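# Structural characterization, general
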Amino acid sequence: MSAGEWAMLLTLSLLWGSSFFFAGIAVTALPPLTIVVLRVGIAALILNTVIRLTGRKMPGDCRSWVAFFVMGLLNNIIPFCLIVWSQTHITSGLAAILNASTPLLTVIVAHICTDDEKMTGNRLAGVLIGILGVVVMIGPAALGGLGTNVTAQLAVVVAALSYAFAAIYGRRFSRMGIAPIITATGQVTAAALALLPVALLVEHPWALPMPGLAVQGAVVGQAVLSTALAYILYFRILATAGATNLLLVTFLMPAVAIGLGTAVLGERLGLEQALGLTLIGAGLAAIDGRLLKVSFRSAAQLPARNDITTK
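One structure accompanies this document, and this report is about it.

Calculation criteria
Residues numbered from 1 in each chain as written. Predicted model: local features only at pLDDT ≥ 70, side-chain atom pairs only at ≥ 80, totals over all residues. Heavy atoms only, no water. Helix = DSSP H or I, 4+ residues; strand = E, 2+ residues; numbered from the N terminus. Contact = heavy atoms within 4.5 Å. Areas by Shrake-Rupley, 256 points an atom, 1.4 Å probe, with all protein chains shown as cover. Buried < 20%, exposed > 50% of the residue type's maximum accessible area, 1.4 Å probe, protein only. Phe/Tyr/Trp six-rings, centres within 6.5 Å; stacked < 30°, edge-to-face > 60°. Patch = residues over 30% accessible without salt bridge, like charges linked within 9 Å, V, L, I, M, F, W, Y side chains within 5 Å. Salt bridge = Lys/Arg side-chain N within 4 Å of Asp/Glu carboxyl O. Expected span 1.5 Å × (residues − 1). Bend = angle between axes of the 7 residues up to and from the residue. Axes fitted to C-alpha atoms, helices over the stretch in contact; angles between N-to-C directions. Parallel < 35°, antiparallel > 145°, perpendicular 65-115°, else oblique. Left-handed = near helix turned anticlockwise from the far one by under 90°. Core = buried A, V, L, I, M, F, W, Y, C linked by side-chain atoms within 4.5 Å.

## With respect to the overall build of the protein chain
From N to C terminus, the protein chain includes 14 helices and 0 strands. Scanning the protein chain from its N terminus toward the C terminus, one meets helices and strands in the order α-α-α-α-α-α-α-α-α-α-α-α-α-α. Of all intrachain contacts in the protein chain linking residues separated by at least 6 positions in sequence, the fraction that spans at least 24 positions is 88%. Surface summary for the protein chain: the accessible area is close to 14,700 Å², and the carbon and sulfur share equals 70%.

Here is the structure:
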């Protein structure tokens, strides 16, 4: 990936990393479907307003909207609902570790479903090193709850698998000539339209008490930062860097959270966090491949230089 794509990926990790924080606040007062509907619904209103103000137009053909609804299902409805529900049963640390399986699942799905994102040794090794880094950084103690709430844990893994299929499916929008902001708008609009009647029928949100300012702020933060802005970046990265590189963001999200805690909140960086960050960096370097190529090239040139020196 280029430096610009890495910068966008880091920004996306900031935006998506905050969604776990926002969800943790929102679930204290609102049920899962209502949270997700508010998240995609507010994001849809914002993005449709931006589209109108910038003079763009949403596609009107059936093919585009079928693609938007499938993308909304795979990338919003299924994973959002499963992850928010799971956070009512398991810790956020364990959820983050399980969510870090997304790049591994994406590598497998991409290898099966695409011709240009096949599995390579350094890519698979990098993903496995990255997952180990997430476990080390968050702390192996978070794995202590593994196996106690199996259904909730499986829900996060299924959400990760849904994200993997979404990343592969979403590649078609660039081939269709649909701009990232149009794709993001269509996706969240379709997700909101599909999920709204379900939430109304199942959770009766109008009967809920008005949540406090903290919960309202968390819902707005999720919609504006973690959804509307995040998905514009998501589809831009997907169009240029590919599905596997895009979902490396799940490694960066906990790393960014640790970094922010250290830099902004004055939290102390422990040995586990430092080692975890190092492993994640090594994993990303292995997947990117350029450092390995330089190292191998230097190693190959070393004997030749020694021969010249000897002579």
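From this point, the narrative continues.
## Focus: the side chain of S226
Turning to its location among the elements, S226 is positioned in helix α10 (residues 213-241). S226 sits in the buried class, given a relative accessible area of 0%. Here S226 is in contact with L15, W16, S18, S19, F22, R39 and G221, once residues within four sequence places are set aside.

## Some words on the packing of aromatic side chains
Tallied over the entire structure, the rule returns 10 aromatic pairs. Aromatic side chains W65 and F68 sit 5.0 Å apart centroid to centroid with 85 degrees between the ring planes, which places their arrangement in the edge-to-face category. Here W65 and its partner F68 are both found in helix α3 (residues 62-86), 3 residues apart, which amounts to about one turn of the helix. Ring geometry for W65 and F69: centres 6.5 Å apart, planes at 55 degrees, overall tilted. Placement of the pair is W65 and F69 together in helix α3, with a separation of 4 residues, close to one helical turn.

## Here we look at a nonpolar patch on the surface
Together, V220, V224, L225 and L229 give the surface a local cluster of nonpolar side chains, amounting to about 280 Å² of exposed area. Tracing the backbone shows V224 in helix α10. Accessibility expressed as a relative area gives 31% for V224, which makes it partly exposed.

## So, α3
Here α3 spans 34 Å end to end across 25 residues, near enough to the 36 Å set by a 1.5 Å rise per residue. Of all the bends found along α3, the most pronounced is centred on L73 and spans about 40 degrees.

## A word on unusual backbone geometry
Residue H204 is not a glycine yet carries a positive backbone phi of 45 degrees. Tracing the backbone shows H204 in the loop between α9 (180-203) and α10.

## Here's the deal with the packing of helix α2 (residues 32-53) against α3
Helices that pack against each other are described as a pair by the angle of their axes relative to one another and the distance between those axes. At their nearest, the axes of α2 and α3 sit 9 Å apart, and the two run at 135 degrees to each other. By the angle class used here, α2 and α3 are oblique. For the crossing formed where α2 meets α3, the hand is right-handed. Touching P32, L33, I35, V36, R39 and V40 of α2 are N76, F80, C81, V84 and W85, all from α3.

## Observations regarding the environment of L195
Within the fold, L195 resides in helix α9. Accessibility expressed as a relative area gives 5% for L195, which makes it buried. Placed 158 residues apart in sequence, L195 and V37 show a C-alpha to C-alpha distance of 6.4 Å. Ignoring sequence-local partners within four residues, the contact set of L195 consists of L33, V36, V37, I77 and C81.

## Regarding the nonpolar core
Among the nonpolar cores identified, the biggest contains 76 residues, and L12, W16, Y231, Y234, F235 and F251 are the most heavily contacted of them. Residue contributions to this core peak at 12 residues, all from α10. One finds I90, A95, L98 and A152 within the second-largest nonpolar core, a separate group that totals 6 residues.

## Observations regarding the environment of L238
Among the structural elements, L238 can be located in helix α10. Taking the relative accessible area as the measure of exposure, L238 reaches 5% and is therefore buried. Spatially, the C-alpha atoms of L238 and I168 are 9.0 Å apart, while their sequence positions differ by 70 residues. Apart from the residues within four sequence positions on either side, L238 is in contact with A167, G170, R171, A243 and L246.

## Concerning helix α5 (residues 102-113)
Under the 1.5 Å per step criterion, the end-to-end length of α5 is 16 Å for 12 residues, consistent within 8% with the ideal 16 Å. All of the buried residues in α5 are T102, P103, T106, V107, V109 and A110.

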